[in-house]
Amino acid sequence: MVNSVNLKACTAGSQLSEIRAETAGGPDKVVSSEKGVSLDQAQEAAVSNSRLFEAGVSMMILDDPGQIGRVFDDYGAKLASVLTPLFADGDKACNKPDAVVFNGKPMALRDVFRSTLVSPLTSPASDQIGRKTTSGGSGEDWIHTQLSSPLMREQGGELKYADQKGGNDLLTKIKAASSFGTTVWQLLNDKTHGKQNGEALRDMLTPLGGSQSRDCVARFDEFKSRTRTERFDDAVSRMRSERPLQVDYQVDYSSAGDHGLGFGRVAVTAHDAKNQPALDALLGHKPAEGQRYANINGVPRHGAPIDTPEGERMPTRPFTMSRAEVEKLPEAYAKLQFGDKGGFQELLKQHEFPHGTGVNRWQPYGTFATESNLRGLPSAGAQSGGTCDTLLALHTLSDEGIYNRPDIVEPATLGVAAFMNFGAYHTFAETIPIGMSVANDDDEYNPSSGTASAYGEALQKQGKLQDLPGYAAAELTAPTHTNLQHDALYDRLANLVGQHAGAGIAGHVADLSEAHKSTLEALRSEHPELRETPQIQTTRLELGQIGQHV
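For clarity, every value in this text was computed on a predicted model and none was experimentally measured.

Basis of the calculations
Residues numbered from 1 in each chain as written. Predicted model: local features only at pLDDT ≥ 70, side-chain atom pairs only at ≥ 80, totals over all residues. Heavy atoms only, no water. Helix = DSSP H or I, 4+ residues; strand = E, 2+ residues; numbered from the N terminus. Rg over C-alpha atoms; globule rule 2.2 N^0.38 Å. Buried < 20%, exposed > 50% of the residue type's maximum accessible area, 1.4 Å probe, protein only. Areas by Shrake-Rupley, 256 points an atom, 1.4 Å probe, with all protein chains shown as cover. Lys, Arg positive; Asp, Glu negative; His and termini not counted. Charge placed at Lys NZ, Arg CZ, Asp CG, Glu CD. Phe/Tyr/Trp six-rings, centres within 6.5 Å; stacked < 30°, edge-to-face > 60°. pLDDT = per-residue confidence, 0-100. Expected span 1.5 Å × (residues − 1). Arc of directions from axis to C-beta. Contact = heavy atoms within 4.5 Å. Polar contact = N/O pair within 3.5 Å; in protein donor to acceptor, adjacent residues only side chain to side chain. Pairing = 2+ DSSP bridges. Salt bridge = Lys/Arg side-chain N within 4 Å of Asp/Glu carboxyl O. Core = buried A, V, L, I, M, F, W, Y, C linked by side-chain atoms within 4.5 Å.

1. Some points on the overall build of the protein chain
Step number 1: When helices and strands are counted, the protein chain shows 21 helices and 13 strands.
Step number 2: In summary, the protein chain has a C-alpha radius of gyration of 24 Å against a globular reference of 24 Å for 550 residues, a match within 12%.
Step number 3: Across the 550 residues of the protein chain, 56% fall into the buried class.
Step number 4: Roughly 23,500 Å² of accessible area belongs to the protein chain as shown, and the carbon and sulfur atoms make up 48% of that amount.
Step number 5: Averaging the locations of the 53 positively and 70 negatively charged side chains of the protein chain gives two centres separated by 3 Å.

2. Some remarks on the packing of aromatic side chains
Step number 1: Tallied over the full model, the rule gives 7 aromatic pairs.
Step number 2: Between F319 and F422, the ring centres sit 5.5 Å apart and the planes meet at 75 degrees, which makes this aromatic pair edge-to-face. Taken together, the residues span a long stretch of sequence, with F319 in the loop between α9 (276-283) and α10 (323-327) and F422 in helix α15 (residues 406-422) at a distance of 103 residues. Of the two residues, F319 and F422, neither departs from the other in class, the shared state being buried.

3. Brief notes about unusual backbone geometry
In most cases, non-glycine residues show a negative phi, while peptide bonds are predominantly trans.
Step number 1: Non-glycine residue F319 carries a positive phi angle of around 75 degrees.
Step number 2: With a phi close to 60 degrees, N404 is a non-glycine residue in the positive phi region.
Step number 3: Along the chain, the position of N404 falls in the loop between α14 (385-397) and α15.

4. So, the confidence of the model for the protein chain
Step number 1: On average, the protein chain scores 92 in pLDDT, and the residues at 70 or more come to 98%.
Step number 2: The lowest-confidence element of the protein chain is helix α17 (residues 454-461), averaging 80 in pLDDT; the highest-confidence one is helix α11 (residues 331-334), averaging 98.

5. A closer look at helix α20 (residues 489-500)
Step number 1: For α20, which comprises 12 residues, the first-to-last C-alpha distance of 16 Å matches the rise-based estimate of 16 Å (1.5 Å per residue) to within 8%.
Step number 2: Inspection of α20 places L489, Y490, L493, L496, V497 and H500 among the buried residues, and these make up the whole buried set. Buried residues of α20, seen end-on, are gathered within an arc of 115 degrees and therefore sit on one face of the element. Turned more than 90 degrees off the buried face of α20, the exposed positions are N495, G498 and Q499.
Step number 3: Packing partners of the buried residues in α20 comprise α1 (41-63), α2 (67-88), α15, α16 (432-439), α19 (483-486) and α21 (506-526).

6. Quick notes on the side chain of T229
Step number 1: Following the sequence through the fold, T229 ends up in the loop between α7 (212-226) and α8 (235-238).
Step number 2: Among the polar contacts listed, one links the side chain of T229 to the backbone nitrogen of R231, at a separation of 3.1 Å.
Step number 3: With residues near it in sequence (within four places) discarded, T229 still touches K224, E444 and Y445.

7. Comments concerning the pairing of strand β3 (residues 26-33)
Step number 1: Examined bridge by bridge, strand β2 (residues 15-23) and β3 share 5 bridges and lie antiparallel to one another. Each bridged residue has a counterpart across the sheet, and for A21 the counterpart in β3 is K29.
Step number 2: The turn joining β2 and β3, which pair antiparallel and follow one another in sequence, is formed by 2 residues; a positive phi near 75 degrees is taken by G25.
Step number 3: When β3 meets strand β4 (residues 36-37), the two strands line up antiparallel, connected through 2 bridges. Bridging across to β4, S33 finds its partner in G36.
Step number 4: Connecting β3 to the antiparallel partner β4 that follows it, the hairpin turn spans 2 residues.

8. Considerations on the side chain of H426
Step number 1: You can see H426 is positioned in the loop between α15 and α16.
Step number 2: Owing to a relative accessible area of 10%, H426 belongs among the buried residues under this scheme.
Step number 3: At a separation of 3.0 Å, a polar atom in the side chain of H426 contacts the main-chain carbonyl oxygen of A382.
Step number 4: In terms of polar contacts, H426 uses its side chain to reach the side chain of E430, at 3.2 Å.
Step number 5: With sequence-adjacent residues up to four places away left out, H426 is seen in contact with A380, G381, A382, Q383, S384, G385, M420, N421 and T431.

9. Digging into the pattern of salt bridges
Step number 1: Taken as a whole and assessed by the stated rule, the structure comprises 31 salt bridges.
Step number 2: Where D163 meets R153, a salt bridge forms, and the shortest distance between an N and an O atom there is 3.3 Å. Here the residue D163 occupies a position in the loop between β8 (158-161) and α5 (167-188), and R153 occupies one in strand β7 (residues 152-155), the gap between them amounting to 10 residues.
Step number 3: Exposure remark for D163: the relative accessible area of 53% places this residue in the exposed category.

10. Digging into the environment of A267
Step number 1: Tracing the sequence through the fold places A267 in strand β11 (residues 265-270).
Step number 2: Discounting chain neighbours no more than four positions away, the residues touching A267 are E242, L245, V251, D252, Y253 and L283.

11. Description of the environment of P124
Step number 1: Here P124 lies in the loop between α3 (109-122) and α4 (139-148).
Step number 2: Classification of P124 as exposed rests on a relative accessible area of 79%.
Step number 3: With 10 residues separating them along the chain, P124 and T134 place their C-alpha atoms 9.0 Å apart.

12. Digging into the nonpolar core
A general trend in soluble globular proteins is that nonpolar side chains are found buried together.
Step number 1: In this structure, L109, F180, M204 and F344 are the most contacted members of the largest nonpolar core, which totals 106 residues.
Step number 2: Beyond its immediate sequence surroundings of up to four residues, F344 is in contact with L52, A55, G56, M59, M321, L329, Y333, L336, F338 and L512.
Step number 3: Core analysis: the second largest hydrophobic core is formed by 16 residues, Y253, V266, Y293 and V299 among them.

13. Quick look at the environment of S126
Step number 1: Mapped onto the secondary structure, S126 falls in the loop between α3 and α4.
Step number 2: Residue classification places S126 among the buried positions, given a relative accessible area of 7%.
Step number 3: As for S126 and M314, which are separated by 188 residues in sequence, their C-alpha atoms are 11 Å apart.
Step number 4: Polar side-chain contacts of S126 include one of 2.5 Å to the backbone oxygen of P120.
Step number 5: A distance of 3.1 Å separates the side chain of S126 from the backbone nitrogen of Q128, its partner in a polar contact.

Structure follows, in structure tokens:
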């Protein structure tokens, strides 16, 4: 059965205030606000079921990646071939002290990548997954070895991990690609210095010997117009807030940008000024000493799902589930067996790794997260900018770009989805549709419900809509929705895993799919309303345009 859900994204200017759902014959109901998405017990149980499924599939991918590992071997080698000479040759044009401007500061390009790629992966203070865990030695040499050493080898007609290689090495290659793409985005998205920075990137990419150096800026422009568009970073769609602090006084929310803390709504201002010194001390905010919110990620918060074990400085359990969800597995998951690796809980134990996680600090409540949750899918950080960064890295390093190259993009997206889920950064709904859009050569990826297609708007400005059939013109100018991005997501995922991951995990992924479906069916028997598939249409309205709510 299909259930039509009409949401109203209530805005104040460009900022999201709350999201309301229409109810039959009654006042609207608030389903999302800066306090997070409001789910009833049945809806939360459905989302919990999906968290477990995503964790299980992610572990399968990391343990036996097959073609996924081969793709990151290929691009790891390409990345090593440009980073190694960049770090070694101080006479390269891109290594002049003012070759680029990064975050407002003239820099040599190698110093930029030392801060954005080398340090997060090799610093002893790093909390990143895929980081260097051994002491001593050069961080740059370690990265070169990791990127240039093959993960995979042919064994009995199948791709298997090479000796001494495993899931952590795959995470390293994905993290390095993501950091590279993030840096390329920041350099070329600089409206003032983008042209100068582009020349330095061209010089850096010369060792690849193909069209990458010539086309890197054009490929960035293509990616920005088709994938990471303004619609992608729409504040109403991506809105998030910090989880409430565990304090005994009121803390008010304010814009993160007002405090130099990026994007979202943050809890750094005490309602009563007399409590501000205590709050600043808790958050590690000592601006007079040059220290700004040093403990903002580590401070205890209500609803933080992943606890830090006693004696550890970071959480060790991967993925997005809480301790309660892991300790009280639904029967279908509790009886799963993964060969000699044991059951679900044993498998989680084998994947433990100390790391920082954004899901403990942030709760997304924009339109994309709300729509995901209402469909029984988890959220961790809204549509994934990190997935975009990794795909941009591959697009930049590829011989001919990656649009309409499912042989590259599909396995890469599965690897990124497992990486993001492992670190509790993003869920499958927030990662996989982005890659599928690129693989399918879509004109535009738009995850922001209630906005019109940027492609349609461009055609309208050019006077070209009149040349299209009426139904096509109407579709291109109508407010978009995310139903197609969410519908049958896990079935599509299972098909992709079967095509690209190791053959040895196909049976386990099928078992996980069955566990998810049987658990959902049990929930539907108890809560018949879950049988209805939500088809969601979101309208954006200024607060003054709408009336009462509950």
